[in-house]
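Structural overview for review
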Amino acid sequence: DDSYSGFVSYSGSWWDIQNGEIDFSVNSVVEGTVDGESGWWNVVNGRVDMGNTVASNAGGWWCIRNGKVDFSYTGVAQNAGGWWRIENGKVNFNFCGIAHNENGYWYLSGGKVDFSKNGTVKVQGKTYRVVNGKIKF
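Before going into details, it helps to say that this report is about the structure given with it. Small disclaimer: the values here were computed from a predicted structure and weren't measured.

About the thresholds
Residue positions are counted from 1 within each chain, in the order its sequence is given. Given that this is a predicted model, residues contribute local features only at a pLDDT of at least 70 and side-chain atom pairs are listed and counted only at 80 or more, while totals for whole chains, interfaces and linings are drawn from all residues. Note: side-chain values were computed over all heavy atoms of the structure, leaving out hydrogens and water. Each helix is a run of H or I in the DSSP string that is no shorter than four residues. Each strand is a run of E no shorter than two, and both are numbered from the N terminus. In what follows, residue pairs with any heavy atoms lying within 4.5 Å of each other are defined as contacts. Working definition: rings of Phe, Tyr and Trp (its six-membered ring) pair if their centres are within 6.5 Å, and the pair is stacked with planes under 30 degrees apart, edge-to-face with planes over 60 apart, and tilted otherwise. Summary of the burial criterion: residues with accessible area below 20% of their type's maximum are buried, those above 50% are exposed, and those between are partly exposed, where the area comes from a 1.4 Å probe applied to protein chains only. Remark: a charge is flagged as sitting over a ring if the NZ atom of Lys or the CZ atom of Arg is within 6 Å of the ring centre and within 35 degrees of the ring normal.

1. Brief notes about the environment of valine 29
Tracing the chain through its elements places valine 29 in strand S4 (residues 27–34). Discounting chain neighbours no more than four positions away, the residues touching valine 29 are Trp40, Trp41, Asn42, Ala55, Ser56, Asn57, Trp62, Ile64 and Val69.

Written out as structure tokens, the structure reads:
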């Protein structure tokens, strides 16, 4: 159908269809239904990317887990641009402090892990030792 817009499965991948054609220019977080599950999905070059990353659309930057925005996640998530503070699925660019993920506790400034940070930081009255952005207990 030339007027169909939405996601379609083809050759083991999900594709963003606009007016009956794959839109290979889409690089965004797009709302739709994939394999019967509704949500916001990370689309890269027209294909739903089922990986884990941080991606954006006009609404902001989002934590992607298994291709879908994870609105329940709070912690640190990664993309090619760095490691970011996530709160309820969305990047908080104003965050300055300590946050964690499965790899440990990290010092963040401007919402991003500061891998150049070495020495000590004081957060909420406690002093922590930091080596390459990672908190050492």
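2. Structural notes on the packing of aromatic side chains
The relative placement of two aromatic rings is captured by the distance of their centres and the angle of their planes. Per the counting criterion, the structure on display carries 8 aromatic pairs. Measuring from ring centre to ring centre gives 5.9 Å for tryptophan 15 and phenylalanine 24, while their planes differ by 70 degrees; the resulting arrangement is edge-to-face. Residue classification places phenylalanine 24 among the exposed positions, given a relative accessible area of 52%. Each ring, one from tyrosine 105 and one from phenylalanine 137, has its centre 5.5 Å from the other, and the planes form 90 degrees; the classification is edge-to-face. Remark: phenylalanine 137 occurs in the segment after strand S18 (134–136) and tyrosine 105 occurs in strand S14 (residues 104–109); sequence separation between them is 32 residues. Residue classification places tyrosine 105 among the partly exposed positions, given a relative accessible area of 37%. Assessed through its relative accessible area of 74%, phenylalanine 137 is described here as exposed. Members of the aromatic cluster, connected to one another through ring pairs, are Trp83, Trp106 and Phe115. In this arrangement the basic side chain of arginine 65 is found over the ring face of tyrosine 73, its NZ or CZ atom lying 4.2 Å from the centre. Directly above the ring of tyrosine 107 sits lysine 117, whose terminal nitrogen or CZ lies 5.8 Å from the centroid.

Read these as geometric descriptors, not functional statements.
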